[in-house]
Amino acid sequence: MINLLICGISGRIGRFVYDSATERGFNVVCGVDRSPAGQYDCPVYKTFDDVKELVDCVIDFSLPDGAIQAVGFALSRKCSIVIGTTGLSDAQKEEIDSAARQIPVFVSENMSPGMSLTAELCRIASRFLRGYDIEITETHHANKIDSPSGSALLLTRAIEEGLGEKRNLVFGRCGRRIRGKDEIGIHSLRGGSVTGKHEVNFFGENDTITISHTASSKKLFAEGALAASEFITGRAAGFYTMRSLLSDVFM
C-alpha cells in the first residue's frame, strides 16, 4: 500500500485525488494546502514543515510555488513525486529537472492517459501530413489561470517531434497578414465550467483531419495521477512522463 501525501488537497482536482485514492484503497496519510477546506480522514497541514507522517509518494495539484515546495519536501524525504500542476516557469522546470537526478519525478501537463494517446496520434499524423497547416484550439473553464493550457503545449511538442523541427507558435490571430507555413496556431477559449477540450486540425489543400480529446470530469486527472503514483513509486531516480507509463503498459 502506497502512503500518499496530496499537495493542494482542497483544490478542484486535489479533492478528486483524495476521493479516488480512498475509494481505491490508497493510504492517504496527510494533505498539504495553504487554505485547508473540507472534511478528510487524514490531517491537512498548511506547510510541509508540519508533516510527520511516513510518505512514499507526493501527488501535487497546487500552484507553481506549491509544486516547488512539494519537490523540496520529496527531496528531503527521498520519496517519489507526481506533479500535475501547470503554469510552471522555466526556472521552476529546471528545479524539477535537477530533483529528478536524485528522486523519481513524474510530470505531466495533463494526467489523462487519453490525452497522452491523443499526443501520440498527433505525433504520428504530423509525420505524414508535412504540408498541412496545423492549428490547436483548447477550451477550459472561466477560472483557469494559465493560457495556453499545458496540454496544448504538450500537443505542440508532440507535433514538433513528429515533424522533426520547431515551428513558430502563434497565440491567437489578429491584424492583417497571411498565415506562414512554418506556424502552429494555438487558440485559448475560456468560459463556464468546461473541464477541458483540445482539438488539433491539420488543414490540407483537399481535406482536413481533426484529432480531439474532451475531458468530462476532473476525476479523469485524479485517476491518471494515481496510476502515475503506482508506476513511479519504488523506481530509480529519473524524469518520467505519461508517455513513460503508456510505454510500460503497451510495450
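Look above for the structure.
Source: prediction; values computed, not measured.

Engineer: Would you take a moment to explain the overall build of the protein for this structure?
Structural biologist: Of the regular secondary structure elements, the protein holds 7 helices and 12 strands. Here the C-alpha coordinates of the protein stretch approximately 60 × 40 × 35 Å along the principal axes. Looking at the protein as a whole, 50% of its 251 residues qualify as buried. Sequence-distant contacts, at least 24 apart, represent 67% of the contacts inside the protein between residues at least 6 apart. Counting only carbon and sulfur atoms, one obtains 51% of the accessible surface of the protein, whose full area is about 12,200 Å². A distance of 2 Å separates the average location of the 28 positive side-chain charges in the protein from that of its 31 negative side-chain charges.

Engineer: Please clarify how the sheet that holds strand β4 (residues 57-60) should be interpreted in this entry.
Structural biologist: Across a sheet, paired strands are connected by hydrogen bonds in the backbone, their directions being either parallel or antiparallel. If you walk across this open sheet you meet the 7 strands as β3-β2-β1-β4-β5-β6-β12, and the pairing is parallel. The two strands at the open ends of the sheet, each matched to only one other strand, are β3 (44-45) and β12 (238-240). Pairing between strand β6 (residues 104-107) and β12: 3 bridges, direction parallel. Its bridge partner lying in β12, Phe106 is registered against Tyr240. Docked against the sheet, helix α2 (residues 64-77) engages β1 (3-7), β4 and β5 (80-83), running at close to 165 degrees with respect to β5.

Engineer: Please explain the pattern of salt bridges as it appears in this structure.
Structural biologist: When their charged atoms lie close together, side chains carrying opposite charge are able to pair. In this structure the tally under the stated criterion is 19 salt bridges. Residue Asp146 pairs with Lys144 through a salt bridge whose shortest N-O separation is 3.2 Å. Owing to a relative accessible area of 18%, Lys144 belongs among the buried residues under this scheme. Residues participating in the shared-partner salt-bridge network are Asp133, Glu135, Arg173, Arg177, Arg179, Lys181 and Glu183.

Engineer: Explain the sheet that holds strand β7 (residues 133-140) here, please?
Structural biologist: The mixed open sheet is built from 5 strands, whose spatial order is β8-β9-β7-β10-β11. The open sheet has two edge strands with one neighbour each: β8 (168-171) and β11 (208-215). Here the strands of the sheet are splayed against their neighbours by 15 degrees on average, with no regard to which way each runs. Here β7 pairs with strand β10 (residues 196-203) via 7 bridges, running antiparallel. The residue of β10 that forms the bridge with Thr137 is Glu199. Across the sheet, helix α4 (residues 113-128) is in contact with β10 and β11; its angle to β11 comes to roughly 165 degrees. Sheet strands touched by helix α5 (residues 150-163): β7, β8, β9 (183-190) and β10. Its angle to β7, the strand with the most contacts, is close to 160 degrees.

Engineer: Can you walk me through the packing of aromatic side chains in this structure?
Structural biologist: The relative placement of two aromatic rings is captured by the distance of their centres and the angle of their planes. Tallied over the entire structure, the rule returns 4 aromatic pairs. Connected via pairs of aromatic rings, a cluster forms that spans Phe106, Phe231 and Tyr240. Here the basic side chain of Arg235 rests over the ring of Phe231, its NZ or CZ set 3.9 Å away from the ring centre.

Engineer: In this structure, what is going on with the side chain of His140? I would like to understand it.
Structural biologist: Within the secondary structure, His140 is located in strand β7. On the basis of relative accessible area, His140 is assigned to the buried category, the value being 8%. Side chain to side chain, His140 and Glu138 meet in a polar contact 2.7 Å long. Residues within four places of His140 in sequence aside, it is in contact with Ser149, Leu189, Arg190, Gly191, Val194, Thr195, Gly196 and His198.

Engineer: How should α2 be read in this particular structure?
Structural biologist: Given 3.6 residues per turn, any residue in an α-helix points the same way as the ones three and four places further on. Between its first and last C-alpha, α2 extends 20 Å over 14 residues, near the 20 Å set by a 1.5 Å rise per residue. Residues of α2 that are buried: Gly66, Ala67, Ile68, Ala70, Val71, Phe73 and Ala74. At the exit of α2 stands Lys78, carrying a positive phi of roughly 55 degrees.

What counts, and at which threshold
- Every residue gets a number counted from 1 within its own chain, in the order that chain's sequence is written.
- Given that this is a predicted model, residues contribute local features only at a pLDDT of at least 70 and side-chain atom pairs are listed and counted only at 80 or more, while totals for whole chains, interfaces and linings are drawn from all residues.
- Side-chain measures here rest on the full set of heavy atoms in the structure, leaving out hydrogens and waters.
- For helices the rule is a DSSP run of H or I covering at least 4 residues; for strands it is a run of E covering at least 2, with both sets numbered from the N terminus onward.
- The buried label goes to any residue with under 20% of its type's maximum accessible area, the exposed label to any with over 50%, and the partly exposed label to all in between, with areas taken from a 1.4 Å probe on protein chains only.
- Should any heavy atoms of two residues lie within 4.5 Å, those residues are considered in contact.
- Note on areas: Shrake-Rupley with a 1.4 Å probe; residue coverage comes only from the protein chains shown.
- Charge counting treats Lys and Arg as positive and Asp and Glu as negative, with His and both chain ends excluded.
- The location of each charge is read from NZ of Lys, CZ of Arg, CG of Asp or CD of Glu.
- Pairing between two strands requires that DSSP report at least two bridges joining them.
- All axes here are fitted lines through C-alpha atoms, helices being fitted over the stretch that makes contact, and every angle between N-to-C directions spans 0 to 180 degrees.
- Salt bridge, as applied in this entry: a Lys or Arg side-chain nitrogen positioned within 4 Å of an Asp or Glu carboxyl oxygen.
- Whether two aromatic rings pair depends on their centres lying within 6.5 Å, for rings of Phe, Tyr and Trp, where Trp uses its six-membered ring; planes under 30 degrees apart make the pair stacked, over 60 edge-to-face, and the rest tilted.
- Charge-over-ring contacts are defined here by two conditions on Lys NZ or Arg CZ: a distance within 6 Å of the ring centre and an angle within 35 degrees of the ring normal.
- Residues adjacent in sequence count toward polar contacts only when both atoms are side-chain atoms; beyond that, a polar contact is any pair of N or O atoms within 3.5 Å, and within protein one must be able to donate a hydrogen and the other to accept it.
- Helix span is expected to be 1.5 Å times the residue number reduced by one.

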